[in-house]
Amino acid sequence: MEAPAAPHNAGDLQLTVTSPEQMRELGRRLAKLLRAGDLLMLSGELGAGKTTLTRGLGEGLGVRGAVTSPTFVIARVHPSLGDGPPLVHVDAYRLSGGLDEMEDLDLDVSLPESVVVVEWGEGKVEELTEERLQVGIHRAVGDTTDEVRHVTVTGLGERWAAVDLSVLSA
C-alpha cells in the first residue's frame, strides 16, 4: 500500500505585521483571494492575532455580524451581506476529539458554499480537504507588549498552486 501523496505546496509567504490594524488589513487583502469552498487553518499562541486576522477577513468578505472569538460557541456563521460566501469561524481550541468532534459541527456540509476559518485546527481538520491555506502567526512570548507578528501563509493543494500569495505583502 502506497502512502498518500503529500498535498502540493504552493509555497510559503513570510510577512511581518507590526500592529493589530495591519493584521486586519492582511485579512482584508486575503479575503480578495478567497472563494466558497476555501478552508483556512490559523495557528498561533493565545493573543497572536488569529481573531484579528479573521475580523479583517469578515470585513473583506462583506459578512454580517461582528467577528469575535467563537471560543465558547465553538463555531459562528457570518452570512454574506452581498453575493459572496458566508464566513464560518471555528475555534477548535476546546475540541479534544479530533475529527470526530469536528464532524459534529458539519463543516464538511458548509465547506462547499462557505469560507471556513478554523483557529487551533491542527490535527483536527486536515481530513476535510487537502486544499487549504495554513496561516501561522508567531509573536514574542513572555512579558512583552511587542506588537510584531511573523506570519507564514502556506497554500496547499491544486486550489492554491496558481494563486499568487505575494499580493498579500503589497
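Above this text sits the structure in question.
Rules of the game
- Residues numbered from 1 in each chain as written.
- Predicted model: local features only at pLDDT ≥ 70, side-chain atom pairs only at ≥ 80, totals over all residues.
- Heavy atoms only, no water.
- Helix = DSSP H or I, 4+ residues; strand = E, 2+ residues; numbered from the N terminus.
- Buried < 20%, exposed > 50% of the residue type's maximum accessible area, 1.4 Å probe, protein only.
- Contact = heavy atoms within 4.5 Å.
- Core = buried A, V, L, I, M, F, W, Y, C linked by side-chain atoms within 4.5 Å.
- Salt bridge = Lys/Arg side-chain N within 4 Å of Asp/Glu carboxyl O.
- Polar contact = N/O pair within 3.5 Å; in protein donor to acceptor, adjacent residues only side chain to side chain.
- Pairing = 2+ DSSP bridges.
- Expected span 1.5 Å × (residues − 1).
- Phe/Tyr/Trp six-rings, centres within 6.5 Å; stacked < 30°, edge-to-face > 60°.
- Lys NZ or Arg CZ within 6 Å of the ring centre and 35° of its normal.

**Topic: the overall build of the chain**
When helices and strands are tallied, the chain shows five helices and seven strands. Of the regular secondary structure in the chain, the N- to C-terminal order runs β-α-β-α-β-β-α-α-β-β-β-α. For the chain, buried positions account for 45% of its 170 residues. The contacts in the chain between residues at least 6 apart in sequence include a share of 65% that link residues at least 24 apart.

**Thoughts on the nonpolar core**
Counting residues in each nonpolar core, the largest one holds 29 residues, and the members touching the most others are Leu 26, Leu 40, Val 151, Val 153, Leu 165 and Leu 168. Contributing elements (two or more residues each) for this core: β1 (9–17), α1 (20–31), β2 (39–44), α2 (50–61), β5 (115–119), β6 (132–139) and β7 (149–156). Per-element tally for this core: the top contributor is α1, with four residues. Not counting residues within four places of it along the chain, the set of residues in contact with Leu 26 comprises Leu 15, Val 17, Leu 53, Val 151 and Leu 168.

**A few points about the pattern of salt bridges**
Side chains carrying opposite charge are able to pair once their charged atoms draw close together. All told, the structure shown has six salt bridges when counted by the stated rule. Note that Arg 28 and Glu 25 form a salt bridge whose closest N and O atoms lie 3.0 Å from each other. One end of the pair is Arg 28 and the other is Glu 25, both in helix α1 and three residues apart, which spans about a single turn. For Glu 25, a relative accessible area of 30% corresponds to the partly exposed category. The residue Glu 59 makes a salt bridge to Arg 28 at a minimum N-O spacing of 2.4 Å. Note that Glu 59 is positioned in helix α2 and Arg 28 in helix α1, a separation of 31 residues in sequence. The class of Arg 28 is partly exposed, set by a relative accessible area of 21%.

**Let's talk about the environment of Val 163**
By secondary structure assignment, the location of Val 163 is in the segment after α5 (158–161). Looking at Val 163, the relative accessible area reads 19%, which means it is buried. Placed 130 residues apart in sequence, Val 163 and Leu 33 show a C-alpha to C-alpha distance of 7.8 Å.

**With respect to the side chain of Ser 80**
Secondary-structure assignment places Ser 80 in the loop between β3 (75–78) and β4 (87–91). At a separation of 3.0 Å, a polar atom in the side chain of Ser 80 contacts the main-chain amide nitrogen of Gly 82. A distance of 3.2 Å separates a polar atom in the side chain of Ser 80 from the backbone oxygen of Gly 84. Discounting chain neighbours no more than four positions away, the residues touching Ser 80 are Leu 61, Gly 62, Val 63, Pro 85 and Pro 86.

**Comments concerning the pairing of β6**
By the bridge criterion, five bridges tie β2 to β6 in an arrangement that is parallel. For Ser 43, the partnering residue across the bridge sits in β6 and is Gly 136. As paired strands, β6 and β7 are joined by eight bridges and run antiparallel to one another. Of the residues in β7, the one forming a bridge with Gly 136 is Thr 152.

**Some remarks on α1**
Relative to the 16 Å expected for twelve residues at 1.5 Å per residue, α1 spans 17 Å between its end C-alpha atoms, a close match to the ideal helical length. For α1, the set of buried residues is Met 23, Leu 26, Gly 27, Arg 29, Leu 30 and Ala 31.

**With respect to the packing of aromatic side chains**
According to the stated counting rule, one finds zero aromatic pairs in the structure shown. Lying over the aromatic face of Trp 160, Arg 159 brings its terminal NZ or CZ to 4.1 Å of the ring centre.

**Remarks on unusual backbone geometry**
Not every positive phi belongs to a glycine, and Trp 120 is a case in point at roughly 60°. In this structure, Trp 120 sits in the loop between β5 and β6.

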